[in-house]
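Descriptive analysis of the structure
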Amino acid sequence: MRRRVAFAALLIGTLAVSGCVRSFPGDQKLPQDLFNAARQSERAPVGFRDDVRRKSCGQVTLDQGERIPADAVDCVDSAIGRLDAELAVVSFTIEGDPIVDFYRTSTGVPGVEVFTDGEFDRYGSTMWMHQDCPQTTSLTSLQGCLEI
């Protein structure tokens, strides 16, 4: 019995150190729906909270090393300068913390806007970032990005 308790304690300690057991400041729990949590964040930049109705290019959750699926990239690429559209992507840091990116296009505006929610990245800035990439013609190669 002691061996089982010792093994369980060792396992929990190892998982906590590796980032598999999440604990956020103030006992904050990781939300079930990261996309919705980011969309409703009070810390989001003003430009993110516009009331523009956008075509959805989907919501994608990527595992380590995965790329955005081709159909989602094609959706954004075909919308650049022509449609108000958005692709939402959750990816994970090396430590396993989620980062939520929103790639947006706007009618008559060149390029892509990128809003990044880093609120759940325990080892990063925990801040939002906003970039404008006016020279971008494909989501696979963001060009001319400037932080706003």
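Below: a short report on this structure. The structure displayed is predicted, hence computed values, not measured ones.

Under the criterion given, the structure shown has 6 salt bridges. A salt bridge links Arg39 to Glu86, with the nearest nitrogen and oxygen atoms 2.7 Å apart. Note that Arg39 is positioned in helix α2 (residues 34–39) and Glu86 in strand β2 (residues 85–92), a separation of 47 residues in sequence. With relative accessibility at 32%, the residue Arg39 sits in the partly exposed group. On the basis of relative accessible area, Glu86 is assigned to the buried category, the value being 10%. As a salt-bridge pair, Arg104 and Glu86 come within 2.7 Å of each other at their nearest N and O atoms. Residue Arg104 is found in strand β3 (residues 98–106), and its partner Glu86 is found in strand β2; the two are separated by 18 residues along the sequence. A network of salt bridges, in which partner residues are shared, links Arg39, Asp50, Arg54, Glu86 and Arg104.

Before going further, it helps to spend a moment on the sheet that holds β3. Spatially, the 6 strands line up as an open sheet ordered β1-β2-β3-β4-β5-β6, and their pairing is mixed. Edge positions in the open sheet fall to β1 (55–61) and β6 (146–147), since each of these has one partner strand only. As paired strands, strand β4 (residues 109–117) and strand β5 (residues 128–133) are joined by 6 bridges and run antiparallel to one another. Bridging from a neighbouring strand, Val112 pairs with Cys133 of β5. Helix α3 (residues 70–79) contacts β1, β2, β3 and β4 of the sheet and is inclined by roughly 150 degrees relative to β1.

All of the buried residues along α3 are Ala72, Val73, Cys75, Val76 and Ala79. All buried residues of α3 project into a common sector of 155 degrees when viewed along the axis, lining one side. Residues Ala70 and Asp71 are exposed on α3 and point more than 90 degrees away from its buried face. Along its buried surface, α3 packs onto β1, β2, β3 and β4. Remark: Gly81 follows α3 within two positions and exhibits a positive phi of approximately 75 degrees.

Phi is positive for Thr126, which is not a glycine, with a value near 60 degrees. On the secondary structure map, Thr126 appears in the loop between β4 and β5.

About the cut-offs
Residues numbered from 1 in each chain as written. Predicted model: local features only at pLDDT ≥ 70, side-chain atom pairs only at ≥ 80, totals over all residues. Heavy atoms only, no water. Salt bridge = Lys/Arg side-chain N within 4 Å of Asp/Glu carboxyl O. Helix = DSSP H or I, 4+ residues; strand = E, 2+ residues; numbered from the N terminus. Buried < 20%, exposed > 50% of the residue type's maximum accessible area, 1.4 Å probe, protein only. Pairing = 2+ DSSP bridges. Contact = heavy atoms within 4.5 Å. Axes fitted to C-alpha atoms, helices over the stretch in contact; angles between N-to-C directions. Arc of directions from axis to C-beta.

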